[in-house]
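# Breakdown of the fold
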Amino acid sequence: MNDRMAILGGTFTPLHDGHRALLHSAFQTASHDGDGDGHVVVGLTSTDLATETRSDPSHAELLGPFDARRGALEETLERVSGAYTATYEISKITDAYGPAVSREDADALVVAPEGKAHRRAHALNDERIDRGFRPLEIHTSPFVVAEDGHRISSTRIRDGEIDRHGHLLSAEPTVDSDRSE
């Protein structure tokens, strides 16, 4: 495959405008340079891995079943991908690295701007090098902020502070943290 390949991953639930920005960044990265129209691989975290990697494993129950998350992600990808030439696929992530470590033909990794996401991206590149693959370019998607000026996150949505578009649902101020969703 000569297409430029961008990879990203996450639980993507509930899907919000920050996720859409991340997906647009991936399609822009895949479509921007190189031969072909580009290809985006979206890693979707399995329920088992989500349970293992949560600081509070009970939070995994709030994510919903994998098939429902995949269906919602597929609907969003259909809408987002219409603006680009790149194709896409959804890949189930069952380990700490997902397809970004196993796909030798990948070119770029698209991540959220949190420090935690960048640390994982660099660890992933170290693993690629250990496997004899070239490291991926790391592209950072911008934060998308809610109307209160704090970033949109799945946690804030589940906590009832904001909706998926960043509209305030609660009058109480929030403390922005380095939540990575």
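Before reading on, note that the structure itself is shown above.
Presented here is an overview of the structure given in this document. (Residues numbered from 1 in each chain as written. Predicted model: local features only at pLDDT ≥ 70, side-chain atom pairs only at ≥ 80, totals over all residues. Heavy atoms only, no water.)

### Structural notes on the side chain of R151
What counts here: Secondary structure elements follow DSSP: runs of H or I of four or more residues count as helices, runs of E of two or more count as strands, with numbering from the N terminus. Burial classification: accessible surface area is computed with a 1.4 Å probe over protein chains only, and a residue below 20% of its type maximum counts as buried, one above 50% as exposed, and the rest as partly exposed.
Its place among the elements puts R151 in the loop between β5 (137–140) and α6 (154–158). On the basis of relative accessibility, which here comes to 4%, the residue R151 falls in the buried class.

### Regarding the pairing of strand β1 (residues 5–10)
How we decide: In this analysis, strands are considered paired if DSSP registers two or more bridges between them.
Within β1, five of the six residues are buried, which leaves the element mostly enclosed by the surrounding structure. Here β1 runs beside strand β2 (residues 39–45); their pairing, made up of six bridges, is parallel. The residue bridging L8 from the neighbouring strand is V42, located in β2. As paired strands, β1 and strand β4 (residues 108–111) are joined by two bridges and run parallel to one another. Among the inter-strand pairings, I7 is bridged to a residue of β4, identified as L109.

### Notes on the packing of helix α1 (residues 17–32) against helix α3 (residues 66–81)
Quick note on the threshold: Angles shown run from 0 to 180 degrees and are taken between the N-to-C directions of axes, each axis being a line fitted to C-alpha atoms and, for helices, limited to the stretch in contact. In this scheme, roughly parallel covers angles under 35 degrees and roughly antiparallel covers those over 145, while 65 to 115 is roughly perpendicular and the rest are oblique. Crossings are classed by handedness, with left-handed meaning an anticlockwise turn of the near helix from the far one by less than a right angle and right-handed meaning a clockwise turn. Note on contacts: a residue pair is in contact if any heavy atoms of the two residues lie within 4.5 Å.
Packing of α1 against α3 brings their axes to within 10 Å, and their N-to-C directions diverge by 50°. Regarding the angle of α1 to α3, the classification is oblique. Once α1 is placed against α3, the crossing between them reads as right-handed. For the pair formed by α1 and α3, the contact residues are R20, L23, H24 and F27 on the first element and L73, T76, L77, V80 and S81 on the second.

### Comments concerning the nonpolar core
Worth spelling out the cut-off: We define the nonpolar core as a collection of buried residues of types Ala, Val, Leu, Ile, Met, Phe, Trp, Tyr and Cys that are connected through side-chain atoms lying within 4.5 Å of one another.
If you look at the biggest cluster of nonpolar residues, it comprises 21 residues, and the most contacted ones within it are L8, F12, V40 and L73. Residue assignment for this core shows that the elements contributing at least two residues are β1, α1, β2, α3 and β3 (87–93). No other element matches α1, which puts five residues into this core. Core analysis: the next-biggest nonpolar cluster, separate from the first, contains twelve residues, A100, A106, V111 and A117 among them.

### Points about unusual backbone geometry
Along the chain, T13 connects to P14 via a cis peptide bond; the corresponding omega equals -15°. At F12, a position not held by glycine, the phi torsion is positive, near 50°. With respect to the helices and strands, the residue F12 is situated in the loop between β1 and α1.

### Concerning the sheet that holds β3
Taken in spatial order, the five strands of this open sheet run β3-β2-β1-β4-β5, and their pairing is parallel. Strands with a single pairing partner mark the edges of an open sheet, and in this sheet they are β3 and β5. Sheet twist, expressed as the mean angle between neighbouring strand axes with direction ignored, is 25°. The pairing of β2 with β3 spans seven bridges and is classified as parallel. Considered in β3, the bridge of G43 is made with S91. Across the sheet, α3 touches β2 and β3, and the angle it forms with β3 is around 160°.

### Re the pairing of β5
Definition in use: When the strands point away from the viewer and the connection leading from the first strand across the helix to the second strand turns clockwise, the crossover is called right-handed.
Note: β4 against β5, four bridges, orientation parallel. Bridged to V110 within β5 is H139. After leaving β4, the chain enters helix α5 (residues 115–130) and then returns to the sheet as β5, a path that is right-handed.

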